[in-house]
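Chain and residue survey
Given next are the chains, with one letter for each unit.
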Amino acid sequence: MNKFIKSFSIIFTLLFINNNVLAQSATTLEGEFKIGPAIILILLLITFVMVGVFNRAKDTSDYWAAGRKISPVGAGMAIASNWMSAASFLGMAAVMYGAGYHGLSYVVGWTGGYVLLLILMAGQIRRYGKYTAADFIGDRFYSKGLRGIGAGLAIFISFSYCVGQFAGIGLMFKWILGIDYTWAVIIGASVVLTYTLISGMLGVTKNMQIQYVIIIISFLIPMFILCYKFGYFYFLPQTGYGAVVSDIVNGLAPGKGITALGHDVGILPSPELAMPWDKATGQTAFQWIAICFSLMIGTAGLPHVIQRFYVVPRARDARWSVVWGLFFICILYWSAPVYSAFGKLLSSNPEVGKLAKDAIVVYTAQLGDVYPLIVGFLAAGAVSAAFSTVSGLLVAGASAFSHDLYFKVINPAATEQKQMLMARIGTILMAAGVAIIALLNLGLIAQLVAVAFSLAGCTIFPLFLLGIWWSGSNRAGAWAGVIAGSAVSLIALVYFIAGKFGGVLPGQEFVNYYMNAWYFAIFGAPIAILANIVVSKISKDKTPPEIVKFLAEKVHNYKVSS
């Protein structure tokens, strides 16, 4: 105990003595090691690993579904933490900072997706009683091949979602530690991989509950400080930040008491920030609607989100976990626009220069001269957000690899120990691959994540929607829907990759606009659903009676007469 107290005293001294040195390093935008934020980050990382150690998975039930013993409130916190990734913590403010009103499409889309889940799927998914998305697909459509396809899609979607999170981890490690982006990604990936390998879904879920508290506290404190400091409505900034937007839209002359890096802030009128689909943003009404739609249905088809409904004891708990999750999520979502507005205002000073959009949350707190350790805590919160999502994604991908591909398709006789080994191998391979792709810097974090949503919306969402609510959807229809949705996804991604590397394919401009990688599900999902319905109707392959009865009695609580 004495050693612990002595160690804590040393940490406390490092954090709070020589405040001038800490302030100077923490207000440097790039390139320097920041001792205070670094100590906060290290303490958090040690905490995450220790929680994983004390809640490590003992069997496959713990590794895949946390033993089905998480409470609705706890599951709601885990849902919120798992959901509020780097795309939410950093990416939403980044998109709104760059595109103004258009960026709200991400807020509306992601939030609307959880409403869809609450109404259409949460309770039904839990009552179906499986472990993973691919488990449901294989059983509902009585097909080992579709189970394999579902597992492959779960791995690919989790992989592409992870890329954006690793980019966020790399960005914050770079800012705090002052190291090269490549090393930042490698170090961050190694830490999250360590505790995920140890703990599986049980420890990951416990960590997510802790990470939610860190995420929300670190996000809110600087926001209240900024509003109080600059004389805006600080009692409830989420409802009063419109005054900041008005100052940006109408213009603000220097000398109004708002400063950044010691200089008075003034901004020319910028009405495009708050105007729907203003031409200055380069965005249109179609793109706004397309992003909303794609993110909504993509949310309802994400494997790691669906898997969260399996960790609670009952279907009723699954529904309430979504309600609690929505509440916890909305606290951050209502707050993100405040950072984008202050970021726009404070970074207008020519002395500041161009800032990386994905770091605008942290930069806004710095420019507002928030106490350096609080800024460091904010950056650590961003890392926690990325870690919570990455760990959930790694478990979802590993479960698909071990449970759905290896155990259910390749080696049904595999022991629990063998399945656990394969899950850990899958986790390592996925983490390594994601880290490599993250180093390519293909786009903004929120945009990279949107690719995963569109892919899930085109493939997994139609299977769950029709599989739960229409017993007439059969194996042939499911195959037709998957093929159609995958074809649209492949076309969109090929054109996206070609454009990123300077290639020009036939109809490049048309496809880039109407089937953009961020929102191609607006066409892909309806095509997949229509293909499923048409082929199911004309096919001779009918859904087995036992599955029809199970859906009616167990999933929808409707008694079928013999």
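It should be emphasised that the depicted structure is a prediction, and the values quoted were computed from it without experimental measurement.

About the criteria used
- Residues numbered from 1 in each chain as written.
- Predicted model: local features only at pLDDT ≥ 70, side-chain atom pairs only at ≥ 80, totals over all residues.
- Heavy atoms only, no water.
- Phe/Tyr/Trp six-rings, centres within 6.5 Å; stacked < 30°, edge-to-face > 60°.
- Lys NZ or Arg CZ within 6 Å of the ring centre and 35° of its normal.
- Helix = DSSP H or I, 4+ residues; strand = E, 2+ residues; numbered from the N terminus.
- Buried < 20%, exposed > 50% of the residue type's maximum accessible area, 1.4 Å probe, protein only.
- Contact = heavy atoms within 4.5 Å.
- Polar contact = N/O pair within 3.5 Å; in protein donor to acceptor, adjacent residues only side chain to side chain.
- Core = buried A, V, L, I, M, F, W, Y, C linked by side-chain atoms within 4.5 Å.
- Salt bridge = Lys/Arg side-chain N within 4 Å of Asp/Glu carboxyl O.
- pLDDT = per-residue confidence, 0-100.

Under the criterion given, the structure shown has 21 aromatic pairs. Across from the ring centre of Phe 141, 4.8 Å away, lies the NZ or CZ of Arg 140, which sits over that ring. The side chain of Lys 344 reaches across the aromatic face of Tyr 97, ending 5.6 Å from its centre.

With that out of the way, let us pick up the environment of Lys 229. Within the element layout of this structure, Lys 229 appears in helix H10 (residues 181-229). Judged by relative accessible area, Lys 229 falls into the partly exposed class, the value being 38%. Here the alpha-carbon distance between Lys 229 and Asp 369, two residues 140 residues apart in the chain, equals 9.5 Å. Not counting residues up to four positions away in its chain, the partners in contact with Lys 229 are Gly 368 and Asp 369. Within polar-contact distance, the side chain of Lys 229 engages the backbone oxygen of Gly 368 at 2.6 Å.

The next thing to look at is the nonpolar core. Membership of the largest hydrophobic core comes to 159 residues, with the highest contact counts inside it found for Trp 83, Phe 89, Phe 166 and Phe 464. If you tally residues by element for this core, the top one is H10, at 17 residues. Trp 83 has contacts with Ser 88, Trp 110, Tyr 114, Tyr 161, Thr 299, Leu 302, Val 305, Ile 329, Tyr 333, Thr 389 and Phe 453, leaving out every residue within four places of it along the chain.

Let's shift gears to the pattern of salt bridges. One pass over the full model with this rule turns up three salt bridges. Ionic pairing is found between Lys 229 and Asp 369, a salt bridge with its closest N-O pair at 3.9 Å. A residue pair is termed long-range when its members are at least 10 positions apart, and Lys 229 in helix H10 and Asp 369 in the loop between helix H17 (360-367) and helix H18 (372-410) qualify at 140 residues.

Following the sequence through the fold, Phe 224 ends up in helix H10. On the basis of relative accessibility, which here comes to 31%, the residue Phe 224 falls in the partly exposed class. C-alpha of Phe 224 to C-alpha of Gln 238: the two residues are 14 residues apart in sequence and 9.6 Å apart in space.

Below, the discussion takes up the confidence of the model for the chain. Residues of the chain with pLDDT of at least 70 account for 84%, and the chain-wide mean is 80. Element-level pLDDT for the chain is lowest in helix H2 (residues 19-26), with a mean of 39, against a maximum mean of 96 in helix H23 (residues 521-538). Segment residues 1-29: pLDDT under 50, and 36 contacts once partners within four positions in sequence are set aside and those in other chains are kept.

Take unusual backbone geometry next. Of note in the backbone geometry, Tyr 142 takes a positive phi value of approximately 40 degrees without being a glycine. Relative to the assigned elements, Tyr 142 resides in the loop between helix H8 (133-140) and helix H9 (144-177). One non-glycine residue, Asp 369, adopts positive backbone phi at about 60 degrees.

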